[in-house]
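# Summary of the model geometry
Residues per chain, in single letters:
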Amino acid sequence: MRKRLVSGILLVAMVAAAAGAKKLPKPGWNLFSKEQDVQLGQEAAQQIEKQYQVVSNAELTAYVNRIGNRLVKQGGIEGFPYTFKVVNDDSINAFALPGGPMYVHTGLMKAAENEAQLAGVLAHELSHVYLRHGTNQASKANGLQIIAMLGGQLAGGGMLGSLANLGIGLGANSVLMKFSRGAESDADLMGMNIMARSGYNPIEMARFFEKLEAESGKSSKMQEFFSSHPNPGNRVKMVEEQMRYLPSKQYGAQEGNLQQMQQIIGKLPAAPKPGTQQQQQQGPAPTTDKMPSIQLSGRTQTYQNNALQFEYPEGWQQVSSEQNSVTIAPKEGIVQGQDGQTAFGYAIVAGAAQPPSGKVDLNKDTQAFLQNLVQSNPGSKVASNPSQVSISSSPALVTQVQGTSPFRGQKENVVVITVDRQNALYYFIFVSPETDYKRLEPVYQRVAQSIRINR
Ligand code: ZN
């Protein structure tokens, strides 16, 4: 399986190289919905705006918004509620949060030589948002916990708090904010296309990045940008090469006078000390010594939304229902940490994920899903080969995973069912402490047999 996958990727890479023009990147595997990207970004924005001084100067803000909106509309990346704000901070940085909020430091605006360079940074950041790199990386790094979190978000905590409990904060080193080199070259490629469509010369983006990087050794002012946007290498060369495949176009778009904006920045009150981004406290996963006794009456209740329905044990609670996932657990199976974080010792999680290609490849997508689960749960491992079953008349795979239960000293059996519904991978996760698994197994089997997927 793996070898075939790798050679498939190589083949695709070779075909692309032969063709010359790189294909525009698409958003990758993601456990978050687009709406959840937006929710997360809005929560994060509130926190960011407590730490940084957002500039209220109308002229500056309007200028950056004109450039940003031009890139969004002409660049063809609509679909998120993008916002553009200027932050009074002398360091050369800009950053975007999932779902759209973007911040440009005054230091970066001062360093730009022309509007296209400023637009280049915005286009690069917009590409990270549009390609959903932050939540893609979080999904890859913390799969099972993310699924439980998205499904089990308890009232009041908010998504940001739940992510903080997984050790995912807003710091420059967080999986949400620090991009891989692959994500960087995708953002460069996407960004240069957005620029070109919007009438900005794409080469200015690469030149600006290279100029800043060359100077970054001398000054600490741009360290944060390059630590969260590592250089994928040969930026100027890549952009020059790819520009040959863009339709020839007059560049030189102007939304205002950058020099005038730089004068306004020069008159702003001194920037406050750079926001000290507090590292989110990363507590250990909650555990408890108390092993509960879960009552099983044998009777069931029905869970139903417009996509699917199934029977679950009477008395278990729908802990929460998000747009694309639901977690159902007995009250005694939920382990609550002191700081509000949650773990499930017993649970049924059901949801759907969009495969990156738009069409499910059951074997491949199940592998990716399982890999995410295991990676995000140190000490857990896939304990069986997937076996083929049929769920709601669709091909499905059942795989056993072993992990560590939140009931201290207990191992945990996790059964994962993945269902191929062509344009969506439905998944069902059944969690039980190993010692109680014999009792739960027939119950979970009945749940699985009752699954009906409507679309
Ligand atoms: Zn980047």
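Now for a description of the structure that goes with this document. Counting starts from 1 at the beginning of each chain's written sequence and moves along it residue by residue. Restriction of local features to residues with pLDDT of at least 70 applies here, the model being predicted, together with a cutoff of 80 or more for giving and counting side-chain atom pairs; totals for whole chains, interfaces and linings are based on all residues. For the side-chain quantities, the full set of heavy atoms in the structure was used; hydrogens and water were omitted.

Time to look at the sheet that holds strand β16 (residues 452–453). Reading across the sheet, the three strands line up as β4-β5-β16 and stay open at both edges, with antiparallel pairing between neighbours. The strands lining the two open edges of the sheet, one partner per strand, are β4 (300–304) and β16. Only when DSSP finds a minimum of two bridges between them are two strands counted as paired. By definition, any uninterrupted DSSP run of H or I lasting at least four residues is a helix, any uninterrupted run of E lasting at least two residues is a strand, and each is numbered from the N terminus. Here strand β5 (residues 308–313) runs beside β16; their pairing, made up of two bridges, is antiparallel. Residue Gln-309 lies in a different strand from β16, and its bridge partner there is Arg-452. We call two residues in contact whenever any of their non-hydrogen atoms come within 4.5 Å of each other. The angle between two axes is taken between their N-to-C directions and runs from 0 to 180 degrees, where each axis is a line fitted to C-alpha atoms and a helix contributes only its stretch in contact. The strands touched by helix α15 (residues 437–450) are β4, β5 and β16; relative to β5, the strand with the most contacts, the crossing angle is about 160 degrees.

As a further point, take the packing of helix α10 (residues 203–216) against helix α12 (residues 235–243). Look at α10 against α12: their axes get within 8 Å of each other, and the N-to-C directions meet at 175 degrees. In terms of their interaxial angle, α10 and α12 are classed as roughly antiparallel. Within the contact between the two elements, α10 uses Ile-203, Met-205, Ala-206, Arg-207, Phe-209 and Glu-210 and α12 uses Arg-235, Val-236, Val-239, Glu-240 and Met-243. Across the contact of α10 with α12, the residue classes tally to seven nonpolar, no polar and four charged. Roughly parallel means an angle under 35 degrees; roughly antiparallel means over 145; roughly perpendicular covers 65 to 115; every other angle is labelled oblique. Any residue outside Ala, Val, Leu, Ile, Met, Phe, Trp, Tyr, Cys, Pro, Asp, Glu, Lys and Arg is labelled polar, Gly included; the first ten of those are nonpolar and the last four are charged.

Here the focus is the sheet that holds strand β1 (residues 83–87). With mixed pairing, the three strands of this open sheet are ordered in space as β1-β3-β2. The outermost strands of the open sheet, each flanked by one partner alone, are β1 and β2 (94–96). This sheet shows a mean twist of 15 degrees between the axes of neighbouring strands, independent of strand direction. Taken together, the three bridges between β2 and strand β3 (residues 101–105) define a ladder with antiparallel strand orientation. Residue pairing across strands places Ala-94 opposite Val-104, the latter belonging to β3. Relative to the sheet, helix α2 (residues 34–51) contacts β1, β2 and β3, its axis offset from that of β3 by approximately 30 degrees. This element, helix α3 (residues 58–75), spans β1 and β3 of the sheet and lies at about 145 degrees to β1.

In this structure, Gly-333 sits in the loop between β7 (325–329) and β8 (334–336). Burial classes: relative accessible area under 20% of the type maximum marks a residue as buried, over 50% as exposed, and values in between as partly exposed (1.4 Å probe, protein chains only). Overall, Gly-333 belongs to the buried group, its relative accessible area being 0%. Ignoring sequence-local partners within four residues, the contact set of Gly-333 consists of Ile-294, Ala-343, Phe-344, Gly-345, Tyr-346 and Phe-407.

Interhelical geometry of α3 versus helix α13 (residues 258–267) gives an angle of 140 degrees and a closest axis separation of 10 Å. Regarding the angle of α3 to α13, the classification is oblique. Crossing of α3 over α13 shows left-handed handedness. Of the residues in α13, those touching α3 at Glu-59, Leu-60 and Tyr-63 are Leu-258, Gln-260, Met-261, Ile-264 and Ile-265. Residue composition of the contact of α3 with α13, by class: six nonpolar, one polar and one charged. Left-handed describes a crossing in which the near helix is turned anticlockwise from the far one by less than a right angle; the clockwise case is right-handed.

Right, let's get into the packing of aromatic side chains. Pairing of aromatic side chains here covers Phe, Tyr and the six-membered ring of Trp, requires ring centres within 6.5 Å, and sorts the geometry by plane angle: under 30 degrees stacked, over 60 edge-to-face, intermediate tilted. By the definition in use, this model includes twelve aromatic pairs. Measuring from centroid to centroid gives 5.8 Å for Tyr-52 and Phe-95, while their planes differ by 45 degrees, and the two rings are tilted. Taken as a pair, Tyr-52 in the loop between α2 and α3 and Phe-95 in strand β2 lie far apart in primary sequence, 43 residues in all. Assigned by exposure class, Tyr-52 and Phe-95 land together as buried.

Attention now goes to unusual backbone geometry. Phi angles above zero are rare outside glycine, and Arg-132 is one such case at about 60 degrees. By the secondary structure assignment, Arg-132 is in the loop between α5 (115–130) and α6 (133–141). Residue classification places Arg-132 among the buried positions, given a relative accessible area of 12%. Here the phi dihedral of Ser-393 falls at roughly 60 degrees; this positive angle occurs in a residue that is not glycine. Here Ser-393 lies in the loop between β12 (387–391) and β13 (394–404).

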